[in-house]
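So the chains spell out like this:
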Amino acid sequence: MEKRKPLTTARLKKMKQAGEPITFVTAYDYPSAKLAEEAGIDVILVGDSLGNVVLGYDSTLPVTLDDIVYHTRAVVRGAASTFIVADMPFMSYHGSIDHTLQGVARLMQEGHAKAVKLEGGAEIAHTVEAITNAGVPVVGHIGLTPQAVHQIGGYLIQGKSSEQAQKLLADAKALEQAGAFAIVLELVTEELAAWISKELTIPTIGIGAGASCDGQVLVFHDLLQYGSAPAPRKFVKVYANVGETIRSGIAQYVQEVKARSFPGPEHSFHMDDEVAAYLYGDKE
Ligand SMILES: Nc1nc(=O)c2c([nH]1)NC[C@@H]1CN(c3ccc(C(=O)N[C@@H](CCC(=O)O)C(=O)O)cc3)CN21
Ligand SMILES: CC(C)C(=O)C(=O)O
Ligand SMILES: [Mg+2]
């Protein structure tokens, strides 16, 4: 395959200016990252959705920094030529700046990430600035911020009222001002996402935010129907049914072992004839 020019934060800004859509997908391990890179994805996000789709939790809150470091390393091994962003997990960036920077350092030095993503608006702008000042590119994330699910009261669409919309625009501008190189807009109206995208010079990456964003992101397991929620959410398009492929493959394996049709002769190893004859044959 042709080797692509490594993506940079400057290139992402140029893509926005040129109107070239930016593609993000999440990945959490070596094979998924390798396949995403081979498929031509621009950016891989090692999301804390890891908690839901890989670790079986019912929210992203239990995901730890250790979890993200471990999975980011595997993703980087699978997609060494792709720009890889690591999600900062719940409560890893709300203490002191020192504590936050220690976590960022682990994601970069042990996880080998190229950038980090944090949920929140103007209230975390000082944190975004400190991380940026340390030379680490930052992706913002506003709208539905799943780490705040218990405060929000559910996974609800954000920015429907004009007050909320204006606050979200102010948040986006604060993050841009603080040095973020891109902002995820999650579960906001298409109208608000279009407005924010027009007002910013950095790219917006939408999930459930309509077609006017500068890029799109989806969760790997959602777009491939790989063990995630049985009924895909409105903002997800299903491009393949990997879960069904895996289930039917394993079911066929079970059936063939039970029927003794697997393994067949072509899957088995044999001794030389003389040895077999000596051990088990007619030794008169
Ligand atoms: N598998 C997976 N995909 C995701 O996109 C995702 C995760 N997990 N985990 C972390 C967050 C949580 N996300 C979610 C979770 C639920 C809804 C949801 O049920 N939304 C409703 C709309 C609610 C409303 O009407 O306000 C929907 O029907 O789409 C949306 C995003 C997005 N992220
Ligand atoms: C849905 C994306 C943006 C995310 O934050 C995640 O996968 O954790
Ligand atoms: Mg996340």
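Above this text you will find the structure in question.
Everything quoted here is computed from the prediction, not taken from an experiment.

## Comments concerning the sheet that holds strand E5 (residues 138–143)
Here comes step 1: A barrel is described by the order of its strands in space; here eight strands give the closed sequence E1-E2-E3-E4-E5-E6-E7-E8, paired in parallel fashion. Within this sheet the neighbouring strands show an average axis-to-axis angle of 25 degrees, counted without direction.
Here comes step 2: With two bridges joining them, strand E4 (residues 115–117) and E5 adopt parallel strand pairing. In the sheet register, Val116 faces E5, and the bridge partner there is Val138.
Here comes step 3: In the packing of helix H4 (residues 65–78) onto the sheet, contacts are made with strand E2 (43–46) and strand E3 (83–87), and the angle to E3 comes to roughly 170 degrees.

## Thoughts on the environment of Glu119
Here comes step 1: You can see Glu119 is positioned in the loop between E4 and helix H6 (125–133).
Here comes step 2: A relative accessible area of 6% places Glu119 in the buried class.
Here comes step 3: When the C-alpha positions of Glu119 and Ile183 are compared, they lie 9.6 Å apart, and in sequence the two are 64 residues distant.
Here comes step 4: A polar contact is formed between the side chain of Glu119 and the backbone nitrogen of Gln147, at a distance of 2.9 Å.

## Quick word on the site of ligand 2
Here comes step 1: Residues in close proximity to ligand 2 include Thr26, Leu45, Gly47, Asp48, Ser49, Asp87, Lys117, His141, Val184, Ile207 and Val219, which together make up its full environment.
Here comes step 2: In this structure, Asp87 approaches ligand 2 through a side-chain N or O atom, which is 2.9 Å from an oxygen atom.
Here comes step 3: Take Lys117: an N or O atom from its side chain is 2.9 Å from an oxygen atom of ligand 2.
Here comes step 4: Considering ligand 2 on its own, with 260 Å² of exposed area, one finds that the protein chains cover 95% of that surface.
Here comes step 5: Class assignment for the residues of the shell around ligand 2 results in four nonpolar, four polar and three charged.

Definitions and cut-offs
- Residues numbered from 1 in each chain as written.
- Chains lettered and ligands numbered in written order.
- Predicted model: local features only at pLDDT ≥ 70, side-chain atom pairs only at ≥ 80, totals over all residues.
- Heavy atoms only, no water.
- Pairing = 2+ DSSP bridges.
- Helix = DSSP H or I, 4+ residues; strand = E, 2+ residues; numbered from the N terminus.
- Axes fitted to C-alpha atoms, helices over the stretch in contact; angles between N-to-C directions.
- Contact = heavy atoms within 4.5 Å.
- Buried < 20%, exposed > 50% of the residue type's maximum accessible area, 1.4 Å probe, protein only.
- Polar contact = N/O pair within 3.5 Å; in protein donor to acceptor, adjacent residues only side chain to side chain.
- Near = heavy atom within 4 Å.
- Areas by Shrake-Rupley, 256 points an atom, 1.4 Å probe, with all protein chains shown as cover.
- Nonpolar A, V, L, I, M, F, W, Y, C, P; charged D, E, K, R; others polar.

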